[in-house]
Amino acid sequence: RHREYVQAGKGHEMSFVGACRRAAGAARGAAEMVRTRQSFRLGTRLPLLRVLGFFYAHAGPYVAAAALELALWSLAFLLLFLAACDAVWPGGAAAGAGAVGAADAGAAPAADSLSAVGA
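Keep in mind that what you see is a predicted model, and the values were worked out from it rather than measured.

> Looking at this structure, I do not really get the overall build of the protein chain. What am I missing?
Looking only at helices and strands, the protein chain has five helices and two strands in total. Starting at the N terminus and walking to the C terminus, you meet the elements of the protein chain as β-β-α-α-α-α-α. Looking at the protein chain as a whole, 8% of its 119 residues are labelled buried. Accessible surface, the protein chain as shown: approximately 10300 Å² in total, 66% of it carbon and sulfur.

Put into structure tokens, the structure is as follows:
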């Protein structure tokens with residue numbers, strides 16, 4: 001039977017679930033710390049570089065991870081939506097009604113660039 005362990009701190013061996021609990025505890029602590037009045041006061045009174053250092057040392061990694069997760073899910077759903085649109089309207093948006101050049105439907109077709117080269 002295979003087991004994986006993570007070394008955390010002073011030689012403590014922890015299972016994957018234990019490591020996840022430890023990370024979740026750190027994330028909960030950072031979230032509680034950000035919600036306090038002291039964090040608001042620090043954010044409004046410190047200069048920009050100090051605020052950025054405070055943010056990236058405390059809540060920044062968690063906010064960045066959440067933003068990355070949201071961006072990846074949004075991209076996945078956008079690609080799924082575009083694939084579904086292509087399945088409903090084959091050829092993309094240009095083949096649908098109101099496409100650019102639809103007013104020129106009665107006009108004579110333009111000469112193809114490849115046929116012009118061969119002529």
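There is more to say after this.
> Any chance you could explain a nonpolar patch on the surface here in plain terms?
Residues Leu 48, Leu 49, Leu 52, Phe 55, Tyr 56 and Val 63 make up a contiguous nonpolar surface patch of about 630 Å² in total accessible area. Here the nonpolar patch takes five residues from helix H3 (residues 48–57), the largest share from any one element. In this structure, Leu 52 sits in helix H3.

> For this particular structure, what's the right way to read the environment of Met 33?
Relative to the helices and strands, Met 33 resides in helix H1 (residues 16–34). When the C-alpha atoms of Met 33 and His 58 are compared, they prove to be 8.2 Å apart, with 25 residues separating the residues in sequence. With residues up to four places along the chain from it excluded, the contact list for Met 33 reads Ser 39, Phe 54 and His 58.

> What's the story with the confidence of the model for the protein chain in this structure? I'm lost.
Reading fine detail from the predicted coordinates is not recommended where pLDDT is low. Averaged over all residues, the pLDDT of the protein chain is 73; the fraction at 70 or higher stands at 66%. By mean pLDDT, the top-scoring element of the protein chain is helix H4 (residues 60–88) (89), and the lowest-scoring one is helix H5 (residues 113–118) (54).

Definitions and limits used
Residues numbered from 1 in each chain as written. Predicted model: local features only at pLDDT ≥ 70, side-chain atom pairs only at ≥ 80, totals over all residues. Heavy atoms only, no water. Helix = DSSP H or I, 4+ residues; strand = E, 2+ residues; numbered from the N terminus. Buried < 20%, exposed > 50% of the residue type's maximum accessible area, 1.4 Å probe, protein only. Areas by Shrake-Rupley, 256 points an atom, 1.4 Å probe, with all protein chains shown as cover. Patch = residues over 30% accessible without salt bridge, like charges linked within 9 Å, V, L, I, M, F, W, Y side chains within 5 Å. Salt bridge = Lys/Arg side-chain N within 4 Å of Asp/Glu carboxyl O. Contact = heavy atoms within 4.5 Å. pLDDT = per-residue confidence, 0-100.

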